[in-house]
Amino acid sequence: MAELIAFSKNRSVICVRLWQCPVFGYSTTLTKATGLSQSTISRIWRAFSLAPHRAETFKLSHDPLFIDKVRDIVGLYLNPPDRALVLCVDEKSQIQALDRTAPLLPMRPGQAERRTHDYKRHGTTSLFAALDAKTGKIIGQNHQRPRSTEFRNFLDTIERHVPEELDVHLILDNYGTHKTKLIRDWLAKRPRFHVHFTPTSASWLNLVERWFALLTERQLRRGVHRSTKELKAAINDFIQHHNRDPKPFIWHKTADQILDSVARFCKRTLDSEH
């Protein structure tokens, strides 16, 4: 306990010494760097919820319209307009058809699933997907390349699936394919389509990204695909299975809560720099 009290009083000094350790995360190396015992270091980690073996990444958006775009998109999620459909649209490009060099070994009691670290490549495909924010249903289409021409074809598919009496609000990121003259002309001829762009470096605002994560976790990562034809069939099967019992992703945070959280993070980042 005395060591923890001393750490609490000199926390900043000890933390700097921990970070200066040449191999950060090994208690033996920290013992030499700080003069504390391994058991003391472990108690300090637990007491202050420190996890030196973990590291996370972050990216702050520098979009000058960040606040306006957050309020716009979150407003569509929390208070969708009447007689309109909110579709979260994006593409998952360069999905690889992979085949492991040896068969996957399934998990057994006391043993995790095992698979080879190397694989054979059999081509790629790109998936365009539109997630209905209200129902959770997916409109999907495979293409060889994610160009504006293919995106235009996908917009035609969306138009065929949406009743003519409904407006369509499309949530898109800032990928260049979404802003070409071909796409602008297509949208100009269809006034019932309204586009809402996410802020730059803030694709987490687009709910279809969460569905892409499900596709990767449940279908692609453990799948064996020896051709792009097999890969496309697997993706289409997953979409059909999902649409038989769709469950929407529920957005909970308001725009004010998100902006307050970003502001607190920015303040902590500035304080740590000083």
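See above for the structure.
Caption draft 1: Representation of the overall build of the chain in the model. The number of helices and strands found in the chain is 10 helices and 5 strands. The buried share of the chain, reckoned over its 274 residues, is 35%. The contacts of the chain with a sequence gap of at least 6 include a subset with a gap of at least 24, amounting to 69%. Here the chain displays about 17100 Å² of accessible surface, and carbon together with sulfur accounts for 53% of that area.

Caption draft 2: Representation of the packing of helix α8 (residues 208-220) against helix α9 (residues 228-244). Where α8 meets α9, the closest approach of the two axes is 11 Å, and the angle between their N-to-C directions is 115°. In the packing of α8 onto α9, the handedness of the crossing is right-handed. Each of W211, L214, L215, R218, Q219 and L220 in α8 lies in contact with α9, whose residues at this interface are L231, A234, I235, F238, I239 and H242. Residue composition of the contact of α8 with α9, by class: 9 nonpolar, 2 polar and 1 charged.

Caption draft 3: Here's a closer look at unusual backbone geometry. In this model, S49 sits at a positive phi of 55°, which is unusual for a non-glycine residue. With respect to the helices and strands, the residue S49 is situated in the loop between α4 (38-47) and α5 (66-78). Backbone geometry places Q94, a non-glycine residue, at a positive phi of 55°. Looking at the secondary structure, you find Q94 in strand β1 (residues 84-100).

Caption draft 4: Geometry of the packing of aromatic side chains. Using the criterion set out here, one finds 6 aromatic pairs in the structure. Ring plane angle 50° and centroid distance 5.8 Å describe the contact between W211 and F238, whose orientation is recorded as tilted. In this pair, W211 is assigned in helix α8 and F238 in helix α9, connecting sequence segments 27 residues apart. On the basis of relative accessibility, which here comes to 0%, the residue W211 falls in the buried class. Under the relative-accessibility criterion, F238 is labelled buried at 11%. An aromatic cluster is defined as three or more aromatic residues linked by ring pairs; in this entry it consists of F128, F151 and F154. In this structure, K179 is placed above the aromatic ring of F197, and the distance from its NZ or CZ to the ring centre is 4.7 Å.

Caption draft 5: Spotlight on the environment of R160. In this fold, R160 is placed in helix α6 (residues 148-161). Look at R160 and you get exposed, because its relative accessible area is 62%. In terms of polar contacts, R160 uses its side chain to reach the side chain of T157, at 3.2 Å.

Caption draft 6: Quick peek at the side chain of T40. Tracing the backbone shows T40 in helix α4. In this structure T40 comes out as buried when scored by relative accessible area, which is 3%. Engagement of the side chain of T40 in a polar contact is seen with the side chain of S37, the distance being 2.8 Å.

Caption draft 7: α6, seen in detail. In this model α6 runs 20 Å from its N-terminal to its C-terminal C-alpha over 14 residues, within 8% of the 20 Å that 1.5 Å per residue would give. Within the sequence span of α6, burial applies to S148, E150, F151, F154, L155, D156, T157 and I158.

Caption draft 8: Representation of the pairing of strand β4 (residues 167-172). By the criterion of burial, β4 is predominantly enclosed, with 5 of the 6 residues buried. Bridge count between β1 and β4: 5 bridges; the pairing is parallel. What sits directly across from A84, in β4, is D167. Sheet topology note: the β4/strand β5 (residues 193-197) ladder contains 5 bridges and is parallel. Opposite L170, over in β5, you have V195 as the bridge partner.

Caption draft 9: Region of the structure containing the sheet that holds β1. What the 5 strands build is an open sheet, ordered β3-β2-β1-β4-β5; its pairing is mixed. Two strands in the sheet have a free side with no partner beyond their single neighbour: β3 (138-143) and β5. In this sheet, adjacent strand axes meet at a mean angle of 25° when their direction is disregarded. Sheet analysis places strand β2 (residues 119-132) next to β3, joined by 6 bridges and oriented antiparallel.

Caption draft 10: The environment of T125, seen in detail. With respect to the helices and strands, T125 occurs in strand β2. A relative accessible area of 0% means that T125 is categorised as buried. Residues T125 and K232, spaced 107 residues apart in sequence, show a C-alpha to C-alpha distance of 7.5 Å. The contacts of T125, once residues within four sequence positions are left out, are K92, S93, Q94, I95, N142, H143, L231, K232 and I235. In this structure the side chain of T125 is engaged in a polar contact, spanning 3.3 Å, whose partner is the backbone oxygen of H143.

Procedures and definitions
- Residues numbered from 1 in each chain as written.
- Predicted model: local features only at pLDDT ≥ 70, side-chain atom pairs only at ≥ 80, totals over all residues.
- Heavy atoms only, no water.
- Helix = DSSP H or I, 4+ residues; strand = E, 2+ residues; numbered from the N terminus.
- Buried < 20%, exposed > 50% of the residue type's maximum accessible area, 1.4 Å probe, protein only.
- Contact = heavy atoms within 4.5 Å.
- Areas by Shrake-Rupley, 256 points an atom, 1.4 Å probe, with all protein chains shown as cover.
- Axes fitted to C-alpha atoms, helices over the stretch in contact; angles between N-to-C directions.
- Left-handed = near helix turned anticlockwise from the far one by under 90°.
- Nonpolar A, V, L, I, M, F, W, Y, C, P; charged D, E, K, R; others polar.
- Phe/Tyr/Trp six-rings, centres within 6.5 Å; stacked < 30°, edge-to-face > 60°.
- Lys NZ or Arg CZ within 6 Å of the ring centre and 35° of its normal.
- Polar contact = N/O pair within 3.5 Å; in protein donor to acceptor, adjacent residues only side chain to side chain.
- Expected span 1.5 Å × (residues − 1).
- Pairing = 2+ DSSP bridges.

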